[in-house]
Amino acid sequence: MSIALFQAILFYVFGALALGAALVMVAQRNPTYSAFALIVTLVSLSAVFGLLGSPFIAALQIIVYAGAIMVLFLFVLMLLNVRTEVRAPGEGRVFKLVAIGFGALLVGEIGSVLVAARPALAGGFDASARQVARLLFETQYLYVFEATSILILASLVGAIALAKRDPSP
Amino acid sequence: MSPTLIQHALLLSLALFAIGVVGVFLRRNVITVFMCIELMLNAGNLAFIAFSRAWGNLEGQVLVFFVLTVAAAEAAVGLAIIISIHRHKDTLDVDAFNLMKW
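Just so it is clear, the model here is predicted, and its values are computed rather than measured.

Draft legend 1. Local environment of the overall build of chain B. Within chain B, the secondary structure is distributed over three helices and zero strands. Tracing chain B from N to C terminus, the helices and strands come up as α-α-α. The C-alpha radius of gyration computed for chain B amounts to 17 Å, which surpasses the reference 13 Å derived for 102 residues by more than 25%, pointing to a less compact arrangement than a globule. For the C-alpha atoms alone, the extent of chain B along its principal axes is close to 55 × 25 × 25 Å. Looking at chain B residue by residue over its 102 residues, the buried ones come to 55%. Of the contacts made within chain B by residues no fewer than 6 positions apart, 49% connect residues no fewer than 24 positions apart.

Draft legend 2. Looking closely at the overall build of chain A. When you go through chain A residue by residue, the secondary structure sums to six helices and zero strands. Moving toward the C terminus, one meets the helices and strands of chain A in the order α-α-α-α-α-α. Counting only residues that meet the buried cut, chain A has 26% of its 169 residues in that class. Long-range contacts, defined here as pairs at least 24 residues apart, represent 56% of the contacts in chain A between residues at least 6 apart.

Draft legend 3. Representation of the environment of A:Leu42 in the model. Structurally, A:Leu42 is set in helix α2 (residues 31-51). Here the alpha-carbon distance between A:Leu42 and A:Met70, two residues 28 residues apart in the chain, equals 9.5 Å. With residues near it in sequence (within four places) discarded, A:Leu42 still touches A:Gln61, A:Tyr65, A:Ala66, A:Met70 and B:Asn42.

Draft legend 4. A look at the nonpolar core. A:Val48 and B:Leu46 are the most contacted members of the largest nonpolar core, which has 70 residues in total. Among the elements of the structure, α1 (3-27), α2 and α3 (55-80) of chain A together with α1 (3-26), α2 (30-55) and α3 (59-89) of chain B are those that each provide at least two residues to this core. If we skip the residues at most four places from it in the chain, B:Leu46 touches A:Leu45, A:Val48, B:Ala9, B:Leu12, B:Ser13 and B:Leu16.

Draft legend 5. Looking closely at α1(A). Between its terminal C-alpha atoms α1(A) stretches 36 Å, which fits the 36 Å expected from 25 residues at 1.5 Å a residue. Taken as a whole, α1(A) has its buried residues at A:Phe11, A:Phe14, A:Gly15, A:Ala18, A:Ala21, A:Ala22, A:Met25 and A:Val26. On its buried face, α1(A) is in contact with α2 of chain A together with α1 and α2 of chain B.

Draft legend 6. Inspection of the interface of chain A and chain B at higher detail. With 70 residues of chain A in contact, the opposing surface of chain B contributes 61 residues. Of all the secondary structure elements, the ones that give two or more residues to the side of chain A that touches chain B are α1, α2, α3, α4 (92-116), α5 (129-138) and α6 (141-163) of chain A. With 12 residues, α4(A) is the largest single contributor of residues to the side of chain A that touches chain B. Tallied by class, the residues present in the side of chain A that touches chain B amount to 55 nonpolar, 12 polar and three charged.

Draft legend 7. Spatial organisation of α2(B). Residues and elements named next belong to chain B. Taking 1.5 Å as the rise per residue, α2 with 26 residues should run 38 Å; its terminal C-alpha atoms sit 38 Å apart, in good agreement. Burial analysis of α2 places 20 of its 26 residues in the buried class, the great majority of the element. Just downstream of α2, Gly56 is the residue with a positive phi angle, here 65 degrees.

Draft legend 8. Region of interest: unusual backbone geometry. Even without a glycine there, the phi angle at B:Asp90 is positive, about 60 degrees. Structurally, B:Asp90 is set in the segment after α3.

Draft legend 9. Inspection of the packing of α6(A) against α3(B) at higher detail. Interaxial distance between α6(A) and α3(B) falls to 8 Å at its minimum, and their mutual angle equals 10 degrees. In terms of orientation, α6(A) and α3(B) fall into the roughly parallel class. Contacts between α6(A) and α3(B) involve A:Tyr141, A:Val144, A:Thr148, A:Leu151, A:Ile152, A:Ser155, A:Leu156, A:Gly158, A:Ala159, A:Leu162 and A:Ala163 from the first element and B:Val62, B:Phe66, B:Thr69, B:Ala73, B:Ala76, B:Val77, B:Ala80, B:Ile81, B:Ile83 and B:Ser84 from the second. Residues of the contact of α6(A) with α3(B), tallied by class, amount to 16 nonpolar, five polar and no charged.

Draft legend 10. Representation of the environment of A:Ala99 within the structure. By the element assignment, A:Ala99 lies in helix α4. On the basis of neighbour count, A:Ala99 is assigned to the partly exposed category, with 18 C-beta atoms found within 10 Å.

Reading guide: rules and limits
Residues numbered from 1 in each chain as written. Chains lettered and ligands numbered in written order. Predicted model: local features only at pLDDT ≥ 70, side-chain atom pairs only at ≥ 80, totals over all residues. Helix = DSSP H or I, 4+ residues; strand = E, 2+ residues; numbered from the N terminus. Rg over C-alpha atoms; globule rule 2.2 N^0.38 Å. Buried ≥ 20, exposed ≤ 12 C-beta atoms within 10 Å, placed from the backbone. Contact = placed C-beta atoms within 7 Å. Core = buried A, V, L, I, M, F, W, Y, C linked by C-beta atoms within 7 Å. Expected span 1.5 Å × (residues − 1). Nonpolar A, V, L, I, M, F, W, Y, C, P; charged D, E, K, R; others polar. Axes fitted to C-alpha atoms, helices over the stretch in contact; angles between N-to-C directions. Parallel < 35°, antiparallel > 145°, perpendicular 65-115°, else oblique.

Below is the structure:
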């Protein structure tokens, strides 16, 4: 079996897995199961990133999303003791129709553009950590990178201040 | 690796984004809504990676890096807000958060 065929098979397997898990996440009423389905989606997407020739972003996806963000989500779900969503009487149908209508509109609009587009395929593509870091640290993106560290610091302080219990009572 | 594969990656990104949008409308638990937003951010990342591969341009990878950073900050602050709201309202139903509703 040739490498290209093997890559294509893996791409479709992980793509289908990501899609299926995303559907499970949205259809699921229990938020904890939704979170686990989202983890499956994120890990599959990481494999897709790797197959598209971006090993650095694939590793980052696992570390940051599956490792940090989803752990935070599960932590909050278990801290707040979240119950399964109960069905509201009467008003579900309208929302469902609006949701599916908007989804179909979006798929129709963007899909018509994407189907018409004929993407190229650049040769000699190298997105290793070395090349990405060179672009990140040796060009104008260096300042943006420094700005993101301030953003992270601000959100750290903000999160602590917001979630802190009031000491007064 | 073929151009068709790139196109299918873009279509996968579109499908994931649409699922995220539908989930934001459909689900009423605020944490699930938040997870749907994360899914939409990831769909955007996939489109960036696919275009980066298509044009051989590494700037798409750098943008994904920044989207990841912003998503992490957003998740931290958002979940802190959710904890804070849960303390006042004792529920996570988005319909219950109507203080600023006209």
